[in-house]
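# Overview (structure and organization)
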Amino acid sequence: MQLRRSAAILAATFALSVNAWAQQVIAKAASPGQVLDVEVQIENGGKLGYAVKRNGKQVIGLSRLGFNLANAPKLDGGFALLKQTASLHDSTWEQPWGERQFVRNHYRELRVEVEQKNRGNRRLAIVFRIYDDGIGFRYEFPDQPQLRDTEIIDELTEFAVAQKGTAWWIPAGELPGLEEEIRTSPLSEIGTANTPLTVRLEDGTHIAFHEAALVDYASMWLRKVDGQKLRAQLVASPNGPAVVRHGAFTTPWRTMQIADNAAGLYMSDLVLNLNEPNKLGDVSWVKPSKFVGVWWEMHLQSGTWNAGPKHAANTANTKRYIDFAAKYGFRGVLVEGWNKGWESDWGHGGADFSFTESYPDFDLPGLAAYAKSKGVRLVGHHETGGNLPAYEKQMDAAYKLYAKHGVDSVKSGYVHEAGSMQFMGEDGKLRYGHYDSQLGVRHFLKAVTEAAKYRIAVDTHEPVKDTGLRRTYPNWVSREGARGVEYNAWGNPPNAVDHEAKLVFTRMLSGPMDYTPGVLSLVGAEGKVFNSTQAKQLANFVVIYSPLAMAADLPENYEKYPAAFKFIRDVPTDWADTRVVNGAVGEYVTIARKDRNSQDWYVGAVTDGEKRALALPLSFLDAGKTYVAEIYRDGDAADYRSERRFDLVVEQRRVTAKDVLQLQLAPGGGQAIRFSPVR
Ligand code: NOJ
């Protein structure tokens, strides 16, 4: 008996290794326009895999699917097909705000249901949504008695990139969280990366790996396992297994945007489409707009968040910002440092923050009323220092207070070193862990849904990465989640000259960013200079999308440069349409956007350290109309490496859709243009 069993095991092992490549295709389907196709396969041992072709050419080779569990044998191997179905979907939905008003959701869905025969007969479904510009797939766990509580140690999901490629990525799990410098390296040389991870294959195809609808689950990092193969790594939880779920649930969508070029990646709406529709109903109270605020002076170290002689958020200073906002048409004034608790080492504990008590020199009711009388709103601020229990305890009272004073947007902050966020464990004891663990993911969404109850929009700094949840919760208007302009004040090093040209095709694929652009003075703390010309600062308002956009510089600096400032006053933050005219990751990008509330178009173009000539065909303009183009361009000798970074030329031209403008960008430069139809 014993002998026969060993012989059987031996035979099975032999069969496994010999037939490791003997795959059986159990399901396949193509995107609506036949651009992408997916095959799902099962090998002899019952392991599940998938592969992707684009226009008949392999882009993702056979890649494994499955899970390691903590409380049950792995969900891997022994699988047999139960059922597969395919269906075509085509609909268009409207965004309350966004890069474009209408979004087409056109895909073929392939649903593959499998059962782990002889291993408890546990079931799993893998659902693929195949678009012409990308693929999303997720696992669906049915409610089943054999696996009522699911404790996931790790996903076995792989992405076997079929060609060599260049990757743009940031390391995952490192102390600065998402605020790492964006690296460029061969894909085969990355370590563990955060997503979006952008790859340019040898044949020019671009792929961005990310996820959509990250809800009640751990964030997915991508670990390079060998060659060009990536494997999902779920962020560890301070409570034990990375993910703990009860009953039926679905994982987030694992996404691949796939395009001919970099521009195609940014044009894809895949991540938004894979999210659930709006769950908040009427969200007309979410107001895309621009704000100024008590902010840059702290980063310049001329003001402080805490009380004292340099306390920036005092009543008189805030009034100055309110007057400035009213005079120049900004809707909001951010008030950082108005509340008590900044004296301690807040980035390493955040235990002392009160979210309802102001410093004695800040009159919240009086300033809110003063702002209202001037048609301006205060933008609230909640810095938590990553102390979630302390924040959650006060959250309701904090939002209530803001709502009472007409504050309808809040910038929140979670400054801490990654891995040291504070959570309340299930046992009521304090736990420390990653902001993008399942517990962190839960908190960030809770902060947004609780804010929605008070009709407050949220702009999260030090956030969990964006996975398109703004579609479902449109009050989650913006977030940071990358190195913002503040690094030009105190960063070591400051943002690189190619930062924006990288951001657009990496971080910005996930959603809006509160980049805090528009520092016309081009100087940070202690005389540090920006790797940017003034024209690029203007272009960033178009290039780096955010419905809530801060004009970050000091009022006195804006008044020093009235010609440049006019563009910042004019540029909207809500768009009817967006077109990426050209772009190469980390080199340059030009984006045209149509204002949601007028017939105007805006263009922003930025370059890295190279001087560039870029053709801008105006075919996006309405045919038959004449437009005035207000052009804000680098002067002929402008250069980010010298005082000529301030060389800005503002000029006007009459143009039509038939014209092609030749944009000249200086090293480290940019160009911003407003097109208004001539009446
Ligand atoms: C970091 C944020 O990015 C910045 O905008 C803010 O001023 C500080 N934290 C303080 O909350």
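## Structural notes on the overall build of the protein chain
Each helix and strand counted, the protein chain has 13 helices and 38 strands in total. For the C-alpha atoms alone, the extent of the protein chain along its principal axes is close to 90 × 60 × 45 Å. The buried share among the 679 residues of the protein chain stands at 62%. Intrachain contacts of the protein chain at a sequence separation of at least 6 include 70% that bridge at least 24 residues. Just so you have it, the protein chain exposes about 24,600 Å², and 49% of that area is on carbon and sulfur atoms. Looking at the protein chain, you have 80 positive and 80 negative side-chain charges, and the mean spots of the two groups are 4 Å apart.

## Remarks on unusual backbone geometry
Of the consecutive residues Thr195 and Pro196, the connecting peptide bond is found in the cis state with omega at 0°. With respect to the element layout, Pro196 can be found in the loop between β14 (192–193) and β15 (197–201). At Thr516, a residue that is not glycine, the phi angle is positive and equals roughly 55°.

## Thoughts on the domain arrangement of the protein chain
Along its sequence, the protein chain is organised into domain 1 (24–273), domain 2 (287–481) and domain 3 (484–515 + 570–679). For domain 1 and domain 2, the distance between their C-alpha centres works out to 34 Å. The interface is formed by 38 residues belonging to domain 1 together with 34 residues belonging to domain 2. At the boundary of domain 1 with domain 2, total buried surface from both sides reaches about 2,900 Å², with 56% on carbon and sulfur atoms. Of all residues in domain 1, Trp97, Leu178 and Pro238 give up the largest surface area on contact with domain 2, accounting jointly for 26% of the area buried on that side. For the pair domain 1 and domain 2, the interface holds 18 residue pairs in polar contact (both at pLDDT 80 or more). Where the side of domain 1 that touches domain 2 is concerned, the elements lending two or more residues are β16 (206–212), β17 (220–226), β19 (243–246) and α3 (270–273). Split into classes, the residues belonging to the side of domain 1 that touches domain 2 amount to 21 nonpolar, 11 polar and six charged.

## Some thoughts on the packing of helix α5 (residues 315–328) against helix α6 (residues 364–373)
Two numbers describe how α5 lies on α6: the axes approach to 10 Å, and their chain directions differ by 15°. By the angle class used here, α5 and α6 are roughly parallel. In this structure, α5 crosses over α6, and the sense of that crossing is right-handed. Along the contact surface, α5 presents Thr315, Thr318, Lys319, Ile322 and Asp323, while α6 presents Leu367, Tyr370 and Ala371. For the contact of α5 with α6, the residue count by class is four nonpolar, two polar and two charged.

## Considerations on the site of the ligand
Taken together, 14 residues lie near the ligand, and Glu336, Glu383, Lys411, Glu480 and Glu486 sit nearest. The side chain of Lys411 places a nitrogen or oxygen atom 2.6 Å from an oxygen atom of the ligand. At 2.9 Å, a side-chain N or O of His461 approaches an oxygen atom of the ligand. Considering only residue class, the shell around the ligand consists of five nonpolar, three polar and six charged.

## Examining the environment of Gly366
Mapped onto the elements of the fold, Gly366 is located in helix α6. Here the alpha-carbon distance between Gly366 and Thr315, two residues 51 residues apart in the chain, equals 8.6 Å.

## Some words on the sheet that holds β14
Adjacent strands of a sheet form backbone hydrogen bonds with each other and so pair up, either parallel or antiparallel. Across the sheet, eight strands lie side by side as β1-β2-β3-β4-β11-β18-β17-β14; this open sheet has antiparallel pairing. Of all the strands in the sheet, just β1 (23–30) and β14 have a single pairing partner and so form its edges.

## Quick notes on the nonpolar core
Side chains that are nonpolar tend, in soluble globular proteins, to be buried together. In this structure, Phe128, Leu197, Phe209, Met256 and Leu378 are the most contacted members of the largest nonpolar core, which totals 178 residues. The element that contributes the greatest number of residues to this core is helix α8 (residues 438–453), accounting for eight residues. Setting aside chain neighbours within four positions, we find Phe209 in contact with Ile60, Phe159, Val161, Thr195, Pro196, Leu197, Val199, Leu222, Leu230, Thr255 and Met256. With 21 residues, the next largest nonpolar core counts Tyr588, Val603, Phe620 and Leu621 among its residues.

## Points about α8
Between its terminal C-alpha atoms α8 stretches 23 Å, which fits the 22 Å expected from 16 residues at 1.5 Å a residue. With respect to burial, α8 is a largely interior element, 12 of its 16 residues being buried. Among all positions in α8, only Gln438, Leu439, Gly440, Val441, His443, Phe444, Leu445, Ala447, Val448, Glu450, Ala451 and Ala452 are buried. Residues of α8 that are buried make contact with β19, α7 (388–404), β26 (421–424), β28 (457–460) and β29 (476–479). Where α8 terminates, the next one or two residues include Arg455, which has phi positive at roughly 55°.

## Quick word on the packing of aromatic side chains
With the rule as written, the count across this model stands at 37 aromatic pairs. The interplanar angle of 25° and the centroid separation of 5.7 Å between the aromatic rings of Phe324 and Phe565 together place this pair among those described as stacked. With Phe324 in helix α5 and Phe565 in helix α13 (residues 562–570), the pair connects residues that are 241 residues apart, well separated along the chain. Judged by relative accessible area, which is 6%, Phe324 ranks as buried. Residue class for Phe565 comes out buried when judged on its relative accessible area of 2%. Taken together, the aromatic side chains of Tyr50, Phe67, Phe128, Phe137, Tyr139, Phe141, Phe159, Phe209 and Phe249 make up a single cluster linked through ring pairs. The residue whose ring lies beneath Lys319 is Tyr370, and the NZ or CZ to ring-centre distance is 5.0 Å. Its guanidinium or amino end placed over the ring of Trp93, Arg471 lies 3.8 Å from that ring's centre, counting from NZ or CZ.

## Section: the environment of Arg569
Structurally, Arg569 is set in helix α13. Other than its neighbours up to four places away in sequence, Arg569 contacts Lys290, Tyr328 and Phe330.

## A look at the sheet that holds strand β30 (residues 548–550)
Strand order across the open sheet formed by seven strands is β29-β28-β25-β24-β23-β22-β30, with parallel pairing between neighbours. For this open sheet the edge positions go to β29 and β30, each flanked by a neighbour on one side alone. Put simply, the sheet's adjacent strands are angled 30° from each other on average, direction ignored. Here α5 sits on the sheet and contacts β22 (289–294), β23 (332–335) and β24 (377–383); the angle it forms with β22, its principal contact strand, is near 155°.

## Section: α7
Taking 1.5 Å per residue as the helical rise, α7 with its 17 residues ought to reach 24 Å, and the 24 Å between its terminal C-alpha atoms agrees with that figure. Where α7 bends most, the angle comes to about 50°, and this point is Met395. Between the side-chain oxygen of the N-cap and the backbone nitrogen of Ala390 there are 3.1 Å, and the N-cap of α7 in question is Asn387. Looking one or two places after α7, you find Gly406, whose phi comes out positive at around 75°.

## Remarks on the packing of helix α11 (residues 534–543) against α13
Between α11 and α13, whose axes approach to 10 Å, the crossing angle comes to 5°. Of the possible angle classes, the one that applies to α11 and α13 is roughly parallel. On α13, the residues touching Gln534, Leu538, Phe541 and Val542 of α11 are Ala564, Phe567 and Ile568. Of the residues belonging to the contact of α11 with α13, the class tally is six nonpolar, one polar and no charged.

Thresholds applied
- Along each chain, the written sequence defines residue order, and numbers are assigned to residues from 1.
- The model is predicted, so local features are restricted to residues of pLDDT at least 70 and side-chain atom pairs to those at 80 or more, both for listing and for counting; the totals for chains, interfaces and linings are taken over all residues.
- Excluded from the side-chain calculations are hydrogens and water; all other atoms, namely the structure's heavy atoms, are used.
- Where helices and strands are cited, they refer to DSSP runs of H or I of at least four residues and of E of at least two residues respectively, numbered from the N terminus.
- Burial classification: accessible surface area is computed with a 1.4 Å probe over protein chains only, and a residue below 20% of its type maximum counts as buried, one above 50% as exposed, and the rest as partly exposed.
- When checking whether two residues touch, look at their non-hydrogen atoms; a contact exists if any pair is within 4.5 Å.
- Methods summary: accessible areas were calculated by the Shrake-Rupley approach with a probe of 1.4 Å, and residue burial reflects only the protein chains presented.
- Here Asp and Glu are counted as negative and Lys and Arg as positive; His is not counted, and neither are the chain ends.
- Lys charges are placed at NZ, Arg charges at CZ, Asp charges at CG and Glu charges at CD.
- Each domain span listed reflects an automatic or database assignment of domains.
- Two parts placed together each lose some accessible area; with a 1.4 Å probe, that loss summed over both constitutes the buried area.
- By the criterion applied in these results, polar contacts are pairs of N or O atoms within 3.5 Å in which, for protein atoms, one can donate a hydrogen and the other can accept it, and in which residues neighboring in sequence qualify only through two side-chain atoms.
- When residues are grouped by polarity, Ala, Val, Leu, Ile, Met, Phe, Trp, Tyr, Cys and Pro land in nonpolar, Asp, Glu, Lys and Arg in charged, and all others, Gly among them, in polar.
- Convention adopted: a line fitted to C-alpha atoms gives each axis, helices being fitted over their contacting stretch, and angles between N-to-C directions are expressed from 0 to 180 degrees.
- Under this scheme an angle from 65 to 115 degrees is roughly perpendicular, one under 35 degrees roughly parallel, and one over 145 degrees roughly antiparallel; angles in between are oblique.
- Definitions for this section: a left-handed crossing has its near helix turned counterclockwise from the far helix by less than a right angle. A right-handed crossing has that turn clockwise.
- The cutoff for a nearby residue is simple: one of its non-hydrogen atoms must lie within 4 Å of the molecule or strand.
- Any two strands with at least two DSSP-identified bridges between them are counted as paired.
- Side-chain atoms within 4.5 Å link the members of a nonpolar core, which is a set of buried Ala, Val, Leu, Ile, Met, Phe, Trp, Tyr and Cys residues.
- The length a helix should cover is 1.5 Å for every residue beyond the first.
- What counts as a ring pair is set by centres within 6.5 Å for rings of Phe, Tyr and Trp (its six-membered ring), and what kind of pair is set by the plane angle: stacked under 30 degrees, edge-to-face over 60, tilted for all other angles.
- Charge-over-ring contacts are defined here by two conditions on Lys NZ or Arg CZ: a distance within 6 Å of the ring centre and an angle within 35 degrees of the ring normal.
- The reported bend at a residue is simply the angle between two axes, fitted to the 7 residues ending at it and to the 7 residues beginning with it.

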